[in-house]
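Summary of structural features
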Amino acid sequence: MTENLSIKRVPNRRRMCRKDLPPKNSSNMVSRHTILLLFLVMGLASADFSASFKNFIIDNYSQQMYDDLARNDLGAVGSYGGGTHDGNGPTSRRAVILVHGTTNNAGNFFGQRNALLTNGWSEETVYGTTYGSGSAEITPATDVSMECEFVQQMRNFIKVVADFTKQKVDIIGYSLGSPIVRKAILGGNCVDDENVDLGGPLTDSVETYISVAGANKASYLCVLPITNACSSVNGLFCLSSFLKNINSEQRYEGSHIYSIYGIQDDKVGFTNLPCLSRNSRINNSDQEFSNATGNHDAILSGTIDLQMNLLNAH
């Protein structure tokens, strides 16, 4: 069976819009409008891939591949990456791919992206795309499972970024993004659609893999498989076929593997029922950092210095 590089489209994807908020009084109208304008300009500057990266994808893959990865239907939050690199040689350092979690989009991790950009990385070496609808208003968290389409998209993204930067990549998987991108690296048949053969492991394309508050073994909220998110097939129930699949093999995520998590995580949680395993643990990883402080969102954003230190270690 040959490797499938196409992506099944999600129906009814809509562009995300923000409602206009009227000023409370006329005296602050100018300042509010100025702030909004600056925000929109910054957002537009961050939207989509760079022209060179866009052309590289279209020329070397297809227009459809570009559309799938760029996610221009989401506007400024859909994707980023590429800079002025032309794809003809290696970038100055390895690229970092940021993989978002449940009901998020690439734009939700602008904070992490900007931290990287001010600490030695560049537009050429920080990349993000959005899988799924990218919004809890469109797809509530209880309806989000780890679909074959999401895995295919992240797998294609890893390949395209590695090809464009002409070297291995580093990957940070946040929350639900960790099990999804781990399956993308592992390959094999999709769990929810065994007719789709993803191909062999991408281990040789990944130098450092970091899971941050990753739902690698389960979510503590999924005690029973009663919602799509907790599906016994491709959900975060600890006995789901998807989680069994990605944890059946070890050390395929990259040359160096780390996990960061904490006991106060209020979304993924620390342990689960009925398996009683640590939800964010990756078996046989190089190192675990299990003492991250704060709730789930605080762990994602508050450990960026540690994340960068681990990236810089190799």
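Residues numbered from 1 in each chain as written. Predicted model: local features only at pLDDT ≥ 70, side-chain atom pairs only at ≥ 80, totals over all residues. Heavy atoms only, no water.

1. Looking at the overall build of the protein chain
Note the following rule: Only runs of H or I of at least four residues qualify as helices and only runs of E of at least two qualify as strands under DSSP, and these elements are numbered from the N terminus. The cut-offs for exposure are 20% and 50% of the maximum accessible area for each residue type, with area from a 1.4 Å probe on protein chains only; residues under the lower value are buried, those over the upper are exposed, and the others partly exposed. Residue contacts are defined here by distance: any two heavy atoms, one from each residue, within 4.5 Å place the two residues in contact.
Secondary structure summary: the protein chain contains 9 helices and 6 strands in total. Within the protein chain, the fraction of its 314 residues that count as buried is 53%. When contacts within the protein chain are restricted to residue pairs at least 6 apart in sequence, long-range pairs at least 24 apart make up 79% of them.

2. Comments concerning the pairing of strand β1 (residues 95-99)
Convention followed: Pairing between two strands is assigned when DSSP locates at least 2 bridges connecting them. When the strands point away from the viewer and the path from the first strand over the helix to the second turns clockwise, the crossover is right-handed.
In terms of residue burial, β1 counts as a mostly covered element, since 5 of its 5 residues are buried. Residues Ala-95, Ile-97 and Val-99 line one face of β1 and the alternating positions Val-96 and Leu-98 line the opposite face, and both faces are buried. In terms of strand pairing, β1 meets strand β2 (residues 126-128) through 3 bridges, oriented parallel. For Ile-97, the partnering residue across the bridge sits in β2 and is Tyr-127. Following the chain from β1 across helix α4 (residues 110-117) to the adjacent parallel β2, one finds a crossover that is right-handed.

3. Let's talk about the confidence of the model for the protein chain
Test applied: The predictor attaches a confidence to each residue, called pLDDT, with possible values from 0 through 100.
Confidence in the prediction for the protein chain averages 89 pLDDT; 85% of positions are at 70 or higher. In this model residues 8-46 is a low-confidence stretch, pLDDT under 50, and it forms 41 contacts with partners more than four residues away in sequence or in other chains.

4. Notes on the state of the cysteines
This is how it is decided: Note on terminology: pairs of cysteine sulfur atoms within 2.5 Å are recorded as disulfides.
All chains considered together, the criterion is met by 3 disulfides. Bridging Cys-148 to Cys-190, the disulfide has an S-S length of 2.1 Å. Here the disulfide of Cys-148 and Cys-190 is right-handed, its torsion about the S-S bond being about 65°. Here Cys-190 lies in the loop between α6 (177-186) and β4 (206-212) and Cys-148 lies in helix α5 (residues 148-165), a separation of 42 residues in the sequence. Neither Cys-148 nor Cys-190 differs from the other in exposure class; each is buried. Counting only the cysteines that form disulfides, in the order they appear in the protein chain, gives the pairing 1-2, 3-4, 5-6.

5. A look at the nonpolar core
Considering soluble globular proteins, one finds that nonpolar side chains tend to be buried as a cluster. Counted only if it meets this: In plain words, nonpolar cores are sets of buried Ala, Val, Leu, Ile, Met, Phe, Trp, Tyr and Cys residues tied together by side-chain atoms within 4.5 Å.
With 53 residues, the main nonpolar core has Phe-53, Ile-97, Met-154, Phe-157, Val-169 and Ile-171 as its most contacted residues. Looking at this core, the elements with two or more residues in it are α2 (51-60), α3 (63-70), β1, α5, β3 (169-174), α6, β4 and α7 (241-246). If you look at the next biggest cluster of nonpolar residues, it comprises 25 residues, including Tyr-80, Tyr-174, Ala-213 and Ile-299.

6. Points about unusual backbone geometry
Leave glycine aside and you will find that most residues have negative phi; peptide bonds, for their part, are mostly trans. Omega for the peptide link from Leu-273 to Pro-274 comes to 5°, which places this bond in the cis form. Here the phi dihedral of Arg-71 falls at roughly 50°; this positive angle occurs in a residue that is not glycine. Within the secondary structure, Arg-71 is located in the loop between α3 and β1.

7. A short note on the sheet that holds strand β5 (residues 256-260)
So the rule is basically this: Helix axes use the C-alpha atoms of the stretch in contact, all axes being lines fitted to C-alpha atoms, and the angles between their N-to-C directions lie in the range 0 to 180 degrees.
The strand order across the open sheet formed by 6 strands is β2-β1-β3-β4-β5-β6, and the pairing between neighbours is parallel. Either end of the sheet is taken by a strand with one partner, and the two such strands are β2 and β6 (287-289). Shown here is a sheet whose adjacent strand axes are inclined to one another by a mean of 20°, direction ignored. Across 3 bridges, the pairing between β5 and β6 is parallel. Within the sheet, the bridge partner assigned to Tyr-258 lies in β6 and is Gln-287. α4 contacts β1, β2 and β3 of the sheet and is inclined by roughly 165° relative to β1.

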